[in-house]
Protein chains: 2
Amino acid sequence: MELEEIIAKVTNFIDNKKIKDLREFLENINSADFPNIFENVEEDKIIIIYRLLSKEKAAEVFVELDHDDQEKLINCLTDTEIKNVMDEIYMDDAVDLIEEMPSNVVKRILSNTKAENRKIINELLKYPDDTAGSLMTTEFIDLKENMCVEDAFEIIRKKALKKETVYNCYVVTVDRKLLGVIDIKDLLIANRQEPIKEIMDTNVVKVHTLEDQEEVARIFDKYDYVALPVVDNENRLVGIITIDDAIDVIQEETLEDFEKMAAIVTTEDRDSYLKTGVFKHAKNRIIWLLVLMISSMLTGGIIENFESAIATLPLLVAFIPMLMDTGGNCGSQASTLIIRGLAMNEISTKDIFKAMWKELRVAIVVGITLAVANFVRIILQYQDFKIAFVVGTTLICTVIMAKLLGCVLPIVAKKIKLDPAIMAAPLITTIVDTLSVLVFFNISTYVFHLS
Amino acid sequence: MELEEIIAKVTNFIDNKKIKDLREFLENINSADFPNIFENVEEDKIIIIYRLLSKEKAAEVFVELDHDDQEKLINCLTDTEIKNVMDEIYMDDAVDLIEEMPSNVVKRILSNTKAENRKIINELLKYPDDTAGSLMTTEFIDLKENMCVEDAFEIIRKKALKKETVYNCYVVTVDRKLLGVIDIKDLLIANRQEPIKEIMDTNVVKVHTLEDQEEVARIFDKYDYVALPVVDNENRLVGIITIDDAIDVIQEETLEDFEKMAAIVTTEDRDSYLKTGVFKHAKNRIIWLLVLMISSMLTGGIIENFESAIATLPLLVAFIPMLMDTGGNCGSQASTLIIRGLAMNEISTKDIFKAMWKELRVAIVVGITLAVANFVRIILQYQDFKIAFVVGTTLICTVIMAKLLGCVLPIVAKKIKLDPAIMAAPLITTIVDTLSVLVFFNISTYVFHLS
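Just so you know, the residues in each chain are numbered from 1, in the order the chain's sequence is written. Labels are handed out in written order, letters beginning with A for the chains and numbers beginning with 1 for the ligands. Only residues with pLDDT of at least 70 are given local features in this predicted model, and only at 80 or more are side-chain atom pairs given and counted; all residues enter the totals for whole chains, interfaces and linings. The side-chain numbers reported here are obtained from all heavy atoms of the structure, hydrogens and water having been left aside.

## Details of the sheet that holds strand E3 (residues 178-183) of chain B
Residues and elements named next belong to chain B.
Argument step 1. A pair of strands counts as paired when DSSP detects no fewer than two bridges linking them. Secondary structure is summarised from DSSP: a helix means a run of H or I of at least four residues, a strand means a run of E of at least two, and numbering begins at the N terminus for each. If you walk across this open sheet you meet the three strands as E1-E2-E3, and the pairing is mixed. Each having just a single partner strand, strand E1 (142-144) and E3 make up the two edges of the open sheet. Each strand axis lies, on average, 35° off the axis of its neighbour in the sheet, ignoring direction.
Argument step 2. Pairing geometry for strand E2 (residues 168-172) and E3, over five bridges, is antiparallel. Directly across from Cys169, in E3, lies its bridge partner Ile182. Angles shown run from 0 to 180 degrees and are taken between the N-to-C directions of axes, each axis being a line fitted to C-alpha atoms and, for helices, limited to the stretch in contact.

As structure tokens, then:
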């Protein structure tokens, strides 16, 4: 069913007070569609709709909402309703919620949370942001090493309802050390009496609680698992991360890279583009603009030094935009490929010379092609061989500098533990601008005997 | 175990001819680690290692390799060995393989494929690239509507080994129309005698064979499923897409966006950065560079028109780099946010006026801030109020034009079914350069009575 259709039906049910029909209808709507529904109905209807949901559904829907809407909703809910949500949601979602709510709301949430869950939440909150620990949930199926397949099914049958996933089950010792993993498929195929020790996979890919979330996402991408176990320093199983959270991390990290590469400051409490306020947008953009603006004044300063050359031969100035733009674009191409290569682990810092050698050769091919195109055009337009020579030579130098800087700076940034993504087009453009203008006027001065 | 350790052990086993130990050791290594192992051992050892693997493992490892290595390996394998691989691999991987191999290799592969699989492969090859059909596999668990839970387990036990996933099972009518989906968790919890019709979810999120792969990835992201059913025009279940393929699509589409936004032509047969040859790199970059270079000559042309103004007041030129860079960066910020917003479905084309209104206000805040900073700096450096006024005013106009173009162009591109990602920094920078130089010289001419 299309979203428009769903919304029309919901509105229709409410307007005609067909509450029983609406309740039934809502239970069959996918929880992930509710944020769209809530966006498209009047605000006072949201709480009516929400209160019609079953306890389980209400919790599922709650988790799907964005933080603003969660906060608004909590302020409308009774303590019992909050308690119901907190009883049902998985611990990783509970932690996300608490991290994003203002303190008075957090207080209300925690006072309506079971003591045992509150304890787990407090434990999970201790893990730094962006680590495996902050992504994991504690609701997984753990099996003991001496069980047989039949026992495992018994455990799953009893506990599955409250577990985030049953696709992978984990085998632990009595002191909770991780021994192996069993895919539910292998459990289903196996003989009922077989000891699980025989069918478990002991070569478990796992992550430490403090592992960076980007590395977690990379592991999911590489190994095609649907869940990853998280262990502490003593190899004790403390949680699992499910693949849906890994996808969120991939999306979040990608967006951050896009922003950084466009000279935008990334912030933790991110909203969608349209929901972010004007001043927050401005704040996130202005710092880099100021830094880059001041840097580009350096290029202006160089030009100022050649004022007399310009007065003698004003035509020179006409080539500056082309040189600056081409340099910027060449640097942007190289740095984007290198930054992505680093992010995807296709390039490592030790490949720096391989990458430079590749960029140098690409730059020579590209530089000569562009220089020839320019040379021909200048000869045709101005019949001036000297200008054509100066511009062509500067262009080749500019392309080589741009490509090499675009390649080296991100790798060096990674080497010194900075984020390579800041060494992207904006910064490299500014540096290449300065260099290319310097080269241009120096060659010009020499060729035309200006000064 | 760390990769270095694995490689050291493997080399050691081979050097000491401990073939039995090596065979045992290899079976416990994750298939996804083999590409790294192969990269780090001498080429003649690869085939030795590969031949030690069990039939299942050999197929798993084969799928993990990149296309170059697959081709090399096939050329070393006997027909029987190829047959073993083709018997074991999933149909979606088989199709990927065939799409990437040169025709003589394809011929050899197909002649060593079972007739029934060859038929399926030929069917799947008909779906256009980048559609759901080209991503799906035909190995899934399908249940009939009149079965009970016990029957379902019987089917799974018998067939699971050859199916890509058992996490979700699909319920179909006798003529294969999709009725519902059952998560293995619900099957495990349910009473053995319960009809599966009672526990299946009839509100199935599904995709059509011709659905765009980007949309498929978005659905996975939104609904947190581990597999999606694919149906034809008659709602007949023809395949499933698993989440690992969706992650690959997300990564691929993201990389394509990064490339497009950096003015790089994206190609279907992509290799990693270091494996791509110099001329291919150059070819992918040069077209846009030429187009943008020619466009930036327009800016040069404008400057040429104001040659006499420059001769009178050469200082003006010193501000051009700062204006150009700032305009480029502002446009880049806006277009990046809009392009990502469109890609993530946070912004739709009908939001164009909302987005423009937001960008206009952000531009005013940012523009005034930057203009004030510049104004103060120019007054301090040159004590020239007129220049400060001209530069400040141009800067505000530039920022507003850049932000509005960065916002409008990607949305318009989407509206007319172009990829918004081409309306990124490089193109917008070039356009804004021309406009800002035009504004700058016009205001200058007016204020300084130049001409």
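## Details of the sheet that holds strand E4 (residues 207-208) of chain B
All names here are of chain B.
Argument step 1. With mixed pairing, the three strands of this open sheet are ordered in space as E4-E5-E6. In the strand order of this sheet, the two ends are held by E4 and strand E6 (237-242), each with one partner.
Argument step 2. Inspection of the sheet shows E4 paired to strand E5 (residues 227-231) by two bridges, in the parallel sense. Bridged to His208 within E5 is Val231.
Argument step 3. Whether two residues touch is decided by their heavy atoms; if any such pair falls within 4.5 Å, the residues are in contact. Relative to E5, helix H15 (residues 213-223) is tilted by about 140°, and along the sheet it contacts E4, E5 and E6.

## As for the side chain of Asp221(B)
Argument step 1. As for its placement among the helices and strands, Asp221(B) is situated in helix H15.
Argument step 2. For the exposure calls, accessible area comes from a 1.4 Å probe over protein chains only, and a residue counts as buried if that area is under 20% of its type's maximum, exposed if over 50%, partly exposed in between. In this tally, Lys and Arg are treated as positive and Asp and Glu as negative; His is ignored, and so are the chain termini. For this analysis, a salt bridge means a side-chain nitrogen from Lys or Arg found within 4 Å of a carboxyl oxygen belonging to Asp or Glu. Buried within the structure, Asp221(B) lacks any salt-bridge partner; its nearest side chain of opposite charge belongs to Arg218(B), at an N-O separation of 8.2 Å.
Argument step 3. We define a polar contact as two N or O atoms separated by no more than 3.5 Å, with the added condition that, inside protein, one atom must be a possible hydrogen donor and the other a possible acceptor, whereas residues neighbouring each other in sequence contribute only through side-chain atom pairs. Of the polar contacts made by the side chain of Asp221(B), one reaches the side chain of Gln251(A); its length is 3.2 Å.

## A look at a negative patch on the surface
Argument step 1. The grouping of Asp96(A), Glu99(A), Glu100(A), Asp129(A), Asp248(A), Glu268(A) and Asp224(B) at the surface amounts to a negative patch.
Argument step 2. Looking at the negative patch element by element, the count peaks at three residues for helix H8 (residues 91-100) of chain A.
Argument step 3. With respect to the secondary-structure elements, Asp248(A) resides in helix H16 (residues 243-261).
Argument step 4. Taking the relative accessible area as the measure of exposure, Asp248(A) reaches 38% and is therefore partly exposed. Patch rule: a residue counts if its relative accessible area is over 30% and it has no salt bridge; like charges are joined within 9 Å, and nonpolar side chains (Val, Leu, Ile, Met, Phe, Trp, Tyr) within 5 Å. Values of accessible area rely on a 1.4 Å probe in the Shrake-Rupley scheme; residue burial ignores everything except the protein chains shown. We put the charge of a Lys on NZ, of an Arg on CZ, of an Asp on CG and of a Glu on CD.

## A look at the relation of the copies chain B and chain A
Mapping between the two chain copies consists of a rotation about an axis together with a translation along that axis.
Argument step 1. The superposition of copies rests on a least-squares fit of C-alpha positions from residues with pLDDT of 70 or more in both. Its rotation angle being 180°, the transformation that places chain B on chain A also includes 0.0 Å of axial translation and leaves an RMSD of 0.1 Å. One copy is carried onto the other by what is essentially a two-fold rotation axis. Every residue of chain B has its C-alpha some distance from the rotation axis, and the shortest such distance is that of Ala311(B), at 2.6 Å.

## A closer look at the side chain of Asn284(A)
Argument step 1. You can see Asn284(A) is positioned in helix H17 (residues 278-305).
Argument step 2. Those residues in contact with Asn284(A) that lie beyond four places of it in its chain are Ala263(A), Ile264(A), Val265(A) and Thr267(A).

## Description of a positive patch on the surface
All names here are of chain A.
Argument step 1. A cluster of basic residues, Lys55, Lys83, Lys114 and Lys162, forms a positive patch on the protein surface.
Argument step 2. Of note, Lys55 is situated in helix H5 (residues 55-64).
Argument step 3. For Lys55, a relative accessible area of 37% puts it in the partly exposed group.

## Here's the deal with the domain arrangement of chain A
Residues and elements named next belong to chain A.
Argument step 1. What marks off one domain from the next here is an automatic or database domain assignment. Assigned domains of chain A: these are domain 1 (3-128), domain 2 (142-253) and domain 3 (278-448).
Argument step 2. Relative to domain 2, the C-alpha centre of domain 1 lies at a distance of 28 Å.
Argument step 3. In this complex, domain 1 contributes six residues to the contact, which on the side of domain 2 involves seven residues.
Argument step 4. Summed over both partners, the accessible area lost on bringing two parts together, with a 1.4 Å probe, is the buried area. Note on domain 1 versus domain 2: buried area summed over both sides is about 520 Å², and carbon and sulfur give 45% of it.
Argument step 5. By the criterion of area lost to domain 2, the three top residues of domain 1 are Tyr90, Asp92 and Tyr127, representing 75% of everything that side buries.

## Looking at the interface of chain B and chain A
Argument step 1. With 115 residues of chain B at the contact, the number on the chain A side is 115 residues.
Argument step 2. Interface of chain B and chain A: buried area, both sides summed, is about 10200 Å²; carbon and sulfur atoms make up 67% of it.
Argument step 3. A per-residue breakdown of the area chain B buries against chain A is headed by Tyr167(B), Phe258(B) and Tyr273(B), which together make up 8% of the total.
Argument step 4. Across the contact surface, chain B and chain A share four salt bridges.

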